[in-house]
Amino acid sequence: MSTSIHDPVTSIKGIGKTTGQQLEALGIISVYDLVMMFPYRHEDYRLKDLLETPHNEQVTIEGKVESEPSILFLGKNRSRLQVRVLTGRHLVKAVFFNQHYLKNRLAPGMIVTISGKWDRGRQLINVSNFSDGPKTDQADFEPVYSLKTVMHQKSFRRLMRNALDYVNGEHIESLPADILQAYRLPTIGAAMEMVHFPKSPEDVKHARRRFVYEELLLFQLKMQGMKKIRKEAEKGMVIHYDLAKVKNFIASLPFELTSAQKRVVNELCAELKSPMRMNRLLQGDVGSGKTVVAAIALYASITAGFQGALMAPTEILAEQHAASLAEWLEPFDVTVAFLAGSTKVKARRNLLEKLESGEIDLLIGTHALIQPDVLFKNPGLVITDEQHRFGVEQRRILRDKGLNPNVLFMTATPIPRTLAITAFGEMDVSVLDELPAGRKEIETHWMKEDSLLPILQKMEKELNNGQQAYVICPLIEESDKLDVQNAVDVHSQLTVHFSGRHTVGLMHGRLHADDKEAIMREFSEGTIDVLVSTTVVEVGVNVPNATFMLIYDAGRFGLSQLHQLRGRVGRGAKQSYCILLADPKTEEGKERMQSMTETNDGFILAEKDLELRGAGDFFGKKQSGMPEFKMADLVHDYRALETARKDAERFLESNSFWEDEEYEVLRNQLEESGALSKDRID
Ligand code: ADP
Ligand code: MG
């Protein structure tokens, strides 16, 4: 009888009914489940030199018992057993808690091997692992599994030995030989051996590389397989835009497109024209010029007789977009309309009628655009700006809304590539990785909070040159709980400070929409010189004349947010400055401030942010939807992810993947996951 990895665990020698039940409590039913139960860490039992071992670190020593053991009973089955052990020329104390029964195995003159935490000051080892005799009898490394209280590590390792002997490796190999060879990965059998019975830390690393790649490859095959299926199912919407008109429009713009903008415009137009439905993410750092790219794609769709929509997270930003796009597009006979929460009932009703009749070509607004009664005649393309602010739920509403148009999400929060291709795995990604020419790097300085005066002098110098400034505060009003600057106070201080010379305005989220709009308009028209604001100006606002930004309590903001805020300056041709006021207490906080002064590249900062905060925090819980991996770590294994992505793409395109025996295990796993039918799709 041949054995299979899918046999029940009880087929393995030494696993009877009782053990089988214990394993079941750990979620292990088949042999496969057992061998795929990876240890969460490995115990290092290599001998260490105590002189070189830092305080509180784990050590293993071999030595000779030098004293009679002494026991102290502490009541309630608690005890403290102590003995002196000589290791090399070091005499140390070994302390065992609640293991008084070991007393008989600790007579003077005996050789013992002990492991535990090293207390350097007291020259004492708090023993966690003990064995009679010299170290040679014991493994250097031992895996530690998460077994709760179901079973001892030692018993589990014995079962694992039998399990590995039972499956004998090779016939469950999922990776083709040329991949194993090209990336120098161990076979499944060897990798199992190395992860469950490692001889060195290198074994574990080597094995881990294989499992990480395998896991990510399967993940990518699933994602891309599903994307393929979706595109098949959604074939049909072809947008025959008028190329001459689109070219004309581009030529009318007051600037030449960057080559990145041209590339992305081509990507978008090609997809509009193809029968595939667009489901795309456009990433572009602050100031990379996403708005005009959106305008071009929307215009293309409009020339084909479709309607367009552009949605922004705040009313201010939506208004700015409406103003820019109207200015650009109205000369080309495009009817632009604006809809927000503040739109009056009558105007709204009127607008909705025109939208349904097709009189309106382009609707711009806030999420008022996705209310149920907002109906388009024939939407061709829907774009959302700064989409990370929209929840996953809103994304779905948009996609499900009526006619299921092409959708493009734009974001200036550079999402690290690693997250983009996983969290947004089912989307295509375009990247604007170039800023328009002539922009100067924003000069960023990190200063302590007591150095305000010289900063204000520097600000005034800019103001005297006719430039404007932002001052950002974390809070609106004074708070008893937090000792952080609030916008109201800072506004009064600066009003006094600049009295008679420069005007200071105040902006925050609690202002009435009309007031916000009025203040924003005054700032962009230059009536207000200094705008004190909370983070409401974070996204999108465009006032190129502002060249100076002061951020209070910068340590309270995440890196990506600081980068967004900073992106409000440096939008014109003049040199801009950003001052971060912060006294961070933690190393991480200091590192963040340092990073801000070192780079203006949002992608680098996003990667840094991810590294400092971890993937879960990066998007916030609700939006994360991140897949869980057994071994892979998206932050550290991003290279493997990239490799796996390319390989998956290649596999799905190749004949051999669908036909050769070598890929059978992979194909089966893919089919089991429901991501693909074995039938060839093309
Ligand atoms: P973001 O990508 O941050 O949304 P915007 O679309 O607001 O950037 O563009 C920032 C500024 O750059 C705007 O004033 C815009 O008109 C201008 N701009 C966009 N593309 C170009 C270009 N190719 N050359 C010069 N200026 C450009
Ligand atoms: Mg923008």
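These figures come from a predicted structure and were not determined experimentally.

1. What to know about the layout of surface pockets
Of the pockets and cavities examined, the largest pocket occupies roughly 950 Å³. A total of six residues in the lining of the largest pocket trace back to one element, the largest contributor, which is helix α10 (residues 315-329).

2. Quick notes on the site of ligand 1
Taken together, 16 residues form the shell around ligand 1, and within it E256, G287, K290, T291 and R439 come nearest. At 2.8 Å from a nitrogen atom of ligand 1 is found a side-chain nitrogen or oxygen belonging to Q261. At 2.6 Å, a backbone N or O of G287 approaches an oxygen atom of ligand 1. Of the pockets mapped on this structure, ligand 1 occupies the largest pocket.

3. Regarding the side chain of S430
In this fold, S430 is placed in strand β15 (residues 428-432). Relative accessible area serves as the criterion here: at 1%, S430 is assigned to the buried category. Separated by 2.8 Å, the side chains of S430 and R280 make a polar contact. Beyond its immediate sequence surroundings of up to four residues, S430 is in contact with V264, E267, R280, L281, L282 and Q283.

4. Brief notes about helix α3 (residues 153-167)
Taking 1.5 Å per residue, 15 residues should reach 21 Å; α3 reaches 21 Å between its end C-alpha atoms and fits that length. Every buried residue belonging to α3 is among F156, R157, L159, M160, N162, A163, L164, Y166 and V167, and all of these are buried. Contacts made by the buried residues of α3 are with α1 (17-25), α2 (31-35), β8 (141-144) and α5 (188-196).

5. Digging into the pairing of strand β12 (residues 362-365)
On a regular strand, one side chain projects to one face of the sheet and the next to the other, so that they alternate. In β12, alternate side chains face the same way, and those of L362 and I364 on one face and L363 and G365 on the other are all buried. Sheet topology note: the strand β10 (residues 307-311)/β12 ladder contains four bridges and is parallel. Paired with G308 across the strands is L362, a residue of β12. When strand β11 (residues 336-339) meets β12, the two strands line up parallel, connected through four bridges. Counted as the bridge partner of A337 is L363 from β12. Viewed along the sheet, the connection from β11 through helix α11 (residues 345-357) into β12 turns out right-handed.

6. Quick notes on the sheet that holds strand β9 (residues 279-284)
Strands belonging to one sheet form pairs held by backbone hydrogen bonds; the direction of such a pair is parallel or antiparallel. Read across the open sheet, the seven strands follow the order β11-β12-β10-β13-β14-β9-β15; overall the sheet is parallel. Among the strands making up the open sheet, the edge pair consists of β11 and β15. Going across the sheet, the axis of each strand differs from the next one's by a mean of 20°, ignoring polarity. With five bridges connecting them, β9 and β15 associate as parallel partners. From the neighbouring strand, L281 faces β15, where its bridge partner is V429.

7. Topic: the packing of helix α7 (residues 243-252) against helix α9 (residues 290-303)
For the pair α7 and α9, interaxial distance at closest approach is 9 Å and the crossing angle is 150°. Note that α7 runs across α9; the crossing there is right-handed. In this structure, α7 uses K245, V246, F249 and I250 to contact α9, whose residues at the interface are A295, I296, Y299, A300 and T303. The residue inventory of the contact of α7 with α9, partitioned by class, reads seven nonpolar, one polar and one charged.

8. Some remarks on the environment of G602
Positionally, G602 belongs in helix α19 (residues 602-613). Overall, G602 belongs to the buried group, its relative accessible area being 2%. C-alpha of G602 to C-alpha of V286: the two residues are 316 residues apart in sequence and 7.7 Å apart in space.

9. So, the sheet that holds strand β16 (residues 443-447)
Judged by pairing direction, the sheet is parallel, and its six strands sit side by side in the order β16-β21-β20-β17-β19-β18 without closing on themselves. In this open sheet, the two strands that pair with only one neighbour each are β16 and β18 (504-507). The mean inter-strand angle of the sheet, taken between neighbouring strand axes irrespective of direction, is 15°. Pairing geometry for strand β20 (residues 546-551) and strand β21 (residues 577-581), over four bridges, is parallel. Counterpart to I551 in the pairing with β21 is L580.

10. Digging into the packing of aromatic side chains
This structure, assessed with the given rule, holds twelve aromatic pairs. Through pairs of rings, three or more aromatic residues link up here, namely F651, F657, W658 and Y663. The ring of Y241 carries K273 above its face, with NZ or CZ at 4.5 Å from the centroid. Here the guanidinium or amino end of K458 rests over the ring plane of Y577, the centre of that ring lying 4.0 Å away.

11. So, the nonpolar core
With 56 residues, the main nonpolar core has L23, L34, F156, F211, L217, L221 and F657 as its most contacted residues. Mapped onto this core, the elements with two or more residues apiece are α2, α3, α4 (177-182), α5, α6 (201-233), α22 (638-653), α23 (655-659) and α24 (664-672). Counting residues per element, this core draws most heavily on α6, at ten residues. Here L217 is in contact with L175, A644, D647, A648, F651 and L666, once residues within four sequence places are set aside.

12. Topic: unusual backbone geometry
Positive phi outside glycine occurs at N98, with the angle close to 55°. Considering the arrangement of structural elements, one finds N98 in the loop between β5 (90-97) and β6 (111-119).

13. Looking at the pattern of salt bridges
Inspection of every chain in the model, using the stated rule, returns 23 salt bridges. The residue E173 makes a salt bridge to R210 at a minimum N-O spacing of 2.9 Å. Of this pair, E173 sits in the loop between α3 and α4 while R210 sits in helix α6, placing them 37 residues apart in sequence. Accessibility assignment for this pair places E173 and R210 in one class, buried. One salt-bridge network, held together by shared partners, links R263, E267, E271, R280 and D433.

14. What to know about a nonpolar patch on the surface
Among the surface-exposed residues, L72, L74 and F97 lie close enough to one another that they form a single nonpolar patch of about 270 Å² accessible area. Inspection of the secondary structure assignment puts L74 in strand β3 (residues 70-75).

15. Some remarks on the packing of α3 against α5
Their axes nearest at 11 Å, the elements α3 and α5 cross at an angle of 175°. Considering their axes alone, α3 and α5 lie roughly antiparallel with respect to each other. Counting all contacts with α3, which are made through M160, R161 and L164, the residues of α5 involved are M192, E193 and H196. A breakdown of the residues in the contact of α3 with α5 according to their chemical character gives three nonpolar, one polar and two charged.

16. Re a negative patch on the surface
Negative charge collects at one region of the surface, where D178, E659, D660, E661, E662 and E664 lie side by side. Structurally, E659 is set in helix α23.

Quick notes on the rules
Residues numbered from 1 in each chain as written. Chains lettered and ligands numbered in written order. Predicted model: local features only at pLDDT ≥ 70, side-chain atom pairs only at ≥ 80, totals over all residues. Heavy atoms only, no water. 1 Å grid on protein atoms, 1.4 Å probe; cavity = no way out; pocket = protein on both sides within 12 Å on 5 of 7 lines; lining within 4 Å. Points joined across faces, edges and corners; volume = space filled by probe spheres on them. Helix = DSSP H or I, 4+ residues; strand = E, 2+ residues; numbered from the N terminus. Near = heavy atom within 4 Å. Polar contact = N/O pair within 3.5 Å; in protein donor to acceptor, adjacent residues only side chain to side chain. Sits in = over half its atoms within 2 Å of the grid points. Buried < 20%, exposed > 50% of the residue type's maximum accessible area, 1.4 Å probe, protein only. Contact = heavy atoms within 4.5 Å. Expected span 1.5 Å × (residues − 1). Pairing = 2+ DSSP bridges. Right-handed = clockwise from strand over helix to strand, strands pointing away. Axes fitted to C-alpha atoms, helices over the stretch in contact; angles between N-to-C directions. Left-handed = near helix turned anticlockwise from the far one by under 90°. Nonpolar A, V, L, I, M, F, W, Y, C, P; charged D, E, K, R; others polar. Phe/Tyr/Trp six-rings, centres within 6.5 Å; stacked < 30°, edge-to-face > 60°. Lys NZ or Arg CZ within 6 Å of the ring centre and 35° of its normal. Core = buried A, V, L, I, M, F, W, Y, C linked by side-chain atoms within 4.5 Å. Salt bridge = Lys/Arg side-chain N within 4 Å of Asp/Glu carboxyl O. Patch = residues over 30% accessible without salt bridge, like charges linked within 9 Å, V, L, I, M, F, W, Y side chains within 5 Å. Areas by Shrake-Rupley, 256 points an atom, 1.4 Å probe, with all protein chains shown as cover. Parallel < 35°, antiparallel > 145°, perpendicular 65-115°, else oblique. Lys, Arg positive; Asp, Glu negative; His and termini not counted. Charge placed at Lys NZ, Arg CZ, Asp CG, Glu CD.

All quantities given are derived from atomic positions and should not be read as evidence of function.
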